[in-house]
Protein chains: 2
Amino acid sequence: MQTVKLAIAGFGTVGTGLARIIEENGDVILARCGKKFQIVSVLVRDIKKRRDYLPGPGVTLTDNIEEFTSCPDVDIVVELMGGTTAAFDIVKKALESGKHVVTANKHLLAERGIELFEIAKENGVGLYYEASVAGGIPIVQAIKESLAANRIKSIVGILNGTANYILSEMSTNGLEFETALSQAKELGYAEADPTFDIEGIDTAHKMVVLIRLAYGKDYPLSKLPVEGISRVEGQDILFARDLGYRIKLIGQVRDVGGKLEAGVFPALVKYTLLLARVGGNYNAVRVEGNAVGPSFFHGQGAGSLPTGSAVMADIMALAGSRTPDNTGFNNTPITKADILDPELATSEYYFRFTVADKAGVMASLSKILAEHNISIAQAVQKGAASETNVPIVFTTHKASTKDVNAALREIDSMSFITRETVSMRIL
Amino acid sequence: MQTVKLAIAGFGTVGTGLARIIEENGDVILARCGKKFQIVSVLVRDIKKRRDYLPGPGVTLTDNIEEFTSCPDVDIVVELMGGTTAAFDIVKKALESGKHVVTANKHLLAERGIELFEIAKENGVGLYYEASVAGGIPIVQAIKESLAANRIKSIVGILNGTANYILSEMSTNGLEFETALSQAKELGYAEADPTFDIEGIDTAHKMVVLIRLAYGKDYPLSKLPVEGISRVEGQDILFARDLGYRIKLIGQVRDVGGKLEAGVFPALVKYTLLLARVGGNYNAVRVEGNAVGPSFFHGQGAGSLPTGSAVMADIMALAGSRTPDNTGFNNTPITKADILDPELATSEYYFRFTVADKAGVMASLSKILAEHNISIAQAVQKGAASETNVPIVFTTHKASTKDVNAALREIDSMSFITRETVSMRIL
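Scoring rules and cut-offs
- Residues numbered from 1 in each chain as written.
- Chains lettered and ligands numbered in written order.
- Predicted model: local features only at pLDDT ≥ 70, side-chain atom pairs only at ≥ 80, totals over all residues.
- Heavy atoms only, no water.
- Contact = heavy atoms within 4.5 Å.
- Buried area = accessible area lost by both parts, 1.4 Å probe.
- Salt bridge = Lys/Arg side-chain N within 4 Å of Asp/Glu carboxyl O.
- Helix = DSSP H or I, 4+ residues; strand = E, 2+ residues; numbered from the N terminus.
- Buried < 20%, exposed > 50% of the residue type's maximum accessible area, 1.4 Å probe, protein only.
- Arc of directions from axis to C-beta.
- Expected span 1.5 Å × (residues − 1).
- Polar contact = N/O pair within 3.5 Å; in protein donor to acceptor, adjacent residues only side chain to side chain.
- UniProt positions renumbered as here; feature names shortened; annotations may be inferred.
- Axes fitted to C-alpha atoms, helices over the stretch in contact; angles between N-to-C directions.
- Parallel < 35°, antiparallel > 145°, perpendicular 65-115°, else oblique.
- Left-handed = near helix turned anticlockwise from the far one by under 90°.
- Nonpolar A, V, L, I, M, F, W, Y, C, P; charged D, E, K, R; others polar.
- Least-squares fit on C-alpha atoms with pLDDT ≥ 70 in both.
- Domains from an automatic or database assignment.
- Pairing = 2+ DSSP bridges.
- 1 Å grid on protein atoms, 1.4 Å probe; cavity = no way out; pocket = protein on both sides within 12 Å on 5 of 7 lines; lining within 4 Å.
- Points joined across faces, edges and corners; volume = space filled by probe spheres on them.

Asker: Give a detailed account of the interface of chain B and chain A, specifying residues and quantitative values.
Answerer: Opposite the 53 residues of chain B that make contact, chain A presents 53 residues. In total, chain B and chain A occlude about 4,500 Å² of area from one another, counting both sides; carbon and sulfur atoms represent 48% of this. The three residues of chain B that bury the most area against chain A are Arg32, Ala149 and Arg151 of chain B, which together make up 17% of that side's buried surface. Across the chain B-chain A interface, the total number found is two salt bridges.

Asker: Summarise the pattern of salt bridges; cite the residues concerned and give the values.
Answerer: Proximity of charged atoms lets side chains of opposite charge pair with each other. All names here are of chain B. On inspection of all chains with the given rule, the structure shows 34 salt bridges over all chains. Two residues, lysine 92 and glutamate 96, come together in a salt bridge whose shortest N-O distance is 3.0 Å. A residue pair is termed a helical-turn pair when its members lie 3 or 4 positions apart in one helix, as lysine 92 and glutamate 96 do in helix H4 (residues 86–96) at four residues. On the basis of relative accessible area, lysine 92 is assigned to the partly exposed category, the value being 27%. Residue classification places glutamate 96 among the partly exposed positions, given a relative accessible area of 42%. Of the charged contacts, one joins glutamate 227 and arginine 231 as a salt bridge, the two residues approaching to 3.8 Å between their closest N and O atoms.

Asker: An account of helix H8 (residues 177–186) of chain A is needed here, citing residue identities and associated values.
Answerer: Residues and elements named next belong to chain A. Regarding H8, the residues found buried are Phe177, Ala180, Leu181 and Ala184. Summarising the axial view, the buried residues of H8 lie within an arc of 100 degrees, below the 170-degree limit, and thus occupy one face. Among the exposed residues of H8, those pointing more than 90 degrees away from its buried face are Glu178 and Glu186. On its buried side, H8 packs onto helix H7 (161–173) and helix H9 (195–198). Remark: glycine 188 follows H8 within two positions and exhibits a positive phi of approximately 80 degrees.

Asker: Would you mind going over helix H7 (residues 161–173) of chain B in detail, with residue names and values included?
Answerer: Residues and elements named next belong to chain B. In this model, H7 (13 residues) spans 17 Å end to end at C-alpha, consistent with the 18 Å of a helix rising 1.5 Å per residue. The set of residues buried in H7 consists of Gly161, Thr162, Ala163, Asn164, Tyr165, Ile166, Leu167, Ser168, Glu169, Met170 and Ser171. Looking at the buried side of H7, the elements it contacts are strand S7 (152–158), helix H8 (177–186), helix H9 (195–198), helix H11 (234–242), strand S9 (245–256) and strand S11 (282–289). Backbone nitrogen of threonine 162 and a side-chain oxygen of the N-cap are separated by 3.2 Å at the start of H7; the cap is asparagine 160.

Asker: Would you mind going over the UniProt feature "active site" (unreviewed entry) in chain A in detail, with residue names and values included?
Answerer: All names here are of chain A. UniProt records the feature "active site" (unreviewed entry) at Lys206, using the numbering of this structure. Considering the arrangement of structural elements, one finds lysine 206 in helix H10 (residues 201–215). Since its relative accessible area comes to 6%, lysine 206 is described here as buried. Sequence-distant contacts of lysine 206, defined by excluding residues within four places in its chain, comprise Lys106, Ser132, Val133, Ala134, Leu159 and Asn160. Here the side chain of lysine 206 touches leucine 159 through a polar contact of 2.7 Å, landing on its backbone oxygen.

Asker: Before we move on, can you summarise the packing of H7 of chain B against H11 of chain B with the specific residues and values?
Answerer: Residues and elements named next belong to chain B. Packing of H7 against H11 leaves a shortest axis separation of 9 Å and a crossing angle of 70 degrees. One way to sum up the angle between H7 and H11 is to call them roughly perpendicular. In terms of crossing hand, the pair formed by H7 and H11 is right-handed. Of the residues in H11, those touching H7 at Leu167, Met170, Ser171 and Thr172 are Gly234, Ile237 and Arg241. Residues belonging to the contact of H7 with H11 are distributed by class as follows: three nonpolar, three polar and one charged.

Asker: Go over the relation of the copies chain B and chain A with me, naming the residues and quoting the values.
Answerer: Superposition record for chain B on chain A: RMSD 0.0 Å, screw rotation 180 degrees, translation along axis 0.0 Å. Read as a symmetry element, the transformation amounts to a two-fold axis. Nearest to the rotation axis, the C-alpha of arginine 322 of chain B is located 2.0 Å from it, this being the minimum over chain B. Here 100% of the interface residues in chain B have copies in chain A that are interface residues too; the copies meet face to matching face.

Asker: Pulling in residues and values, what's your account of the domain arrangement of chain A?
Answerer: Residues and elements named next belong to chain A. Structurally, chain A comprises domain 1 (3–132), domain 2 (144–299) and domain 3 (342–426). Each of domain 2 and domain 3 was reduced to a C-alpha centroid, and the two centroids are 24 Å apart. Between domain 2 and domain 3, the contact holds 16 residues from the first and 16 residues from the second. Across the domain 2 to domain 3 interface the summed buried area is about 1,600 Å²; carbon plus sulfur atoms make up 57%. It is Phe239, Leu243 and Leu268 in domain 2 that bury the most area against domain 3; as a group they hold 37% of the surface buried on that side. Inspection of the domain 2/domain 3 interface yields four salt bridges. When the shortest N-O distance is used, the salt bridge between arginine 352 and aspartate 236 registers 2.5 Å. On the surface where domain 2 and domain 3 come into contact, there are six residue pairs in polar contact (both at pLDDT 80 or more).

Asker: Give a detailed account of the sheet that holds strand S3 (residues 60–62) of chain B, specifying residues and quantitative values.
Answerer: Residues and elements named next belong to chain B. Pairing is parallel in the open sheet, where six strands are placed in the order S3-S2-S1-S4-S5-S6. Two strands in the sheet have a free side with no partner beyond their single neighbour: S3 and strand S6 (127–128). By the bridge criterion, three bridges tie strand S2 (residues 36–43) to S3 in an arrangement that is parallel. Its bridge partner lying in S3, leucine 43 is registered against threonine 62.

Asker: Outline the side chain of glutamate 145 of chain A, supporting the account with residue identities and numerical values.
Answerer: The topology assignment puts glutamate 145 of chain A in helix H6 (residues 139–146). Filtering out sequence-adjacent residues up to four positions away, glutamate 145 of chain A remains in contact with Arg322 of chain A together with Gln141, Glu145, Ala313 and Arg322 of chain B.

Asker: If you had to explain the sheet that holds strand S1 (residues 3–9) of chain A to someone new, which residues and values would you point to?
Answerer: Residue and element names in this part refer to chain A. The sheet built from six strands is open, its strands ordered S3-S2-S1-S4-S5-S6 with parallel pairing. Here the strands that pair on one side only, and so sit at the sheet edges, are strand S3 (60–62) and strand S6 (127–128). Packed on one face of the sheet, helix H1 (residues 13–24) meets S1, strand S2 (36–43) and strand S4 (76–79) and runs near 155 degrees to S2.

Asker: Which residues make up empty space enclosed by the protein, and what are the values?
Answerer: Residue and element names in this part refer to chain A. Applying the stated rule across the entire model yields three cavities of 30 Å³ or more. Approximately 80 Å³ is the volume attributed to the largest cavity. Lining the largest cavity we find Ala7, Phe68, Thr69, Cys71, Val74, Val77, Ile90, Lys93, Ala94, Ser97 and Lys99. Of all the elements in the fold, those that place two or more residues in the lining of the largest cavity are helix H3 (65–69) and helix H4 (86–96). When residues in the lining of the largest cavity are grouped by element, the largest group, three residues, is from H4. When grouped by side-chain class, the residues that make up the lining of the largest cavity number seven nonpolar, two polar and two charged.

Spelled out as structure tokens, the structure:
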């Protein structure tokens, strides 16, 4: 009975989870794929750091990259260290030396994936990454294999647990963004520097990976419109609730007549949709195929064991005899995406105007919107006309980004506007 | 570039969907797996029947099983005819002649799957069945591969669209069962003989398949407790709503200390759970693994294109170079399941008692339940004390099936009980 030897770069939350799964579920894993898995080498940043969980005896624990990459008879290298420099070198070296690689590093795949997939192909080895998107949710395999006979019409995802936790707390407990963020930090749901999570960058990395899987196209990170949640206010959450919506940080891609419309942004999601029901630090992905219709996947998007479960599934697949399928497009090179001009994208919108005095303001707002082909679906006013900084909320029917930007430029230049207008899409 | 030749047994809804997918998505399919797929032979029940969609020219259309099975150079046989006799012979013959088989036939797999998997193993060919459970939802591959590193703690599924449609209509539009059923028939959601769907038999077939995948165990259909929805009344739906639940036809399996507790039954599902939000003819499956945690899958559980999409995914997988993995347990034979004594299963319960007169009745009911270790969570009375056939609804804390059966036997023997008590589990 064969033993598969693993070298793990990075032994934090996910690495520990992986080691525990191999230890605690070894019998199930053996029953399923007929193989044993052994961790032979572990690369850590600080070898002196005290750890609750240590890899078993006979494991080379090192903080020396040279020593790690030169470790003999390793079958599969698992990259769980994050970042795009040392991680890139380790993955590249492993692939070039004919070793399969499993990674959870969406940042690396988004920025340098094309290059790495090329190297993997040249060397006929696998580069698998189920854990890089939505943790324990098997969305990579679903798109790569289960839905492989479909034209993907759209993907909409809640792909960052930290952002979703913050928005859920703001919605459920009426917190403001800063309060919810510090709470997330205290609970360990947010890192010391939460920029990637709250500014949508982590979600953007994941969208680049999903777009490549769904369309076989390279959508450059630099071209992806990305907006985070740091500007979402408690009052927007409340207005959204009143109107029957939840605000979620959304990653989206749509096939619009052969061109891809993609982006990351906070959006109002109708309460009746499953996506609106994704709470706390969970993730969810909705994929619509032209044959399968809408498919919805929900689960733990992060965490030691859920992410470890996804990493182990890749390891088991690569340990099997199948020829690796890395991109899901074995017969076609990944080419540049044909990107829809963002100005031409259309959506329904939520606007929150802040005005000094409401006398006549409604009329002016409606007039300007109408002049830019934007028709109003609902209007909500709160507070007395005498107040300053009175919020006025409109929801609209479908309008183009171009028209919306022009209309808001004009509106925000009006004298009665006391704060920049808040604008969000409605899914 | 290789062309994979397909022989299709049964050209109804799913067969037509498959043919359309091959025709309309052929370019995507080629880009993904580098192969073309060609239908060379189709077996139909009635060759004279007029069809909206005909397989292309060069396809042998026959109603003769001999002619179909003897068709030369076929790579993969697709069984979409249903039933367990002719379908069994065709699948068996195909496997024995070294051909891969893809089937959507849960009935066949539940009753004679073990036998067929043996034959497939002996001949080193694939017997794939993604489409047999939950149509377009990739639950088979998820359990077989994506969650392969997990001990499966439980599976809870809404696996029959017809039953779910009927219950949804009863709940949303206040229909009684019979009315909702005839409506489902008119809309083509229910067959002329809906017994398998509404009595839970179809769900039971699917549970046997899922249990085999999740545990590598054979749970005989004959041993699975199965209860349908034909006895669910409008008033139970309404009481459930008042208490914050939806009634769903559930297929469930749980690992209780190494023994399997499984069954098919209508149950009250808390409104806040995603499972309670599965509407109309959709399907959903919740799988809980010891590493991945709860994973939820939702999508089209039936229909021409969604089911065709699942069939095509299997065809593409088998056309690839991987060694087939049929049961998900390559290293262990499927053995008999260790089944938990149903009497020992525990659950929270919903009871609807029908009494002639409520004076003193509450006390007697509570007393009998208490004597059988059943504690009451909520009690709801409606109607005046003078009425006859007054419904009294209790929900309980966890109780064993044994205690519940004994208590209800005693209660239903009381003089004040005018109709058999309705009892349902609460998830």
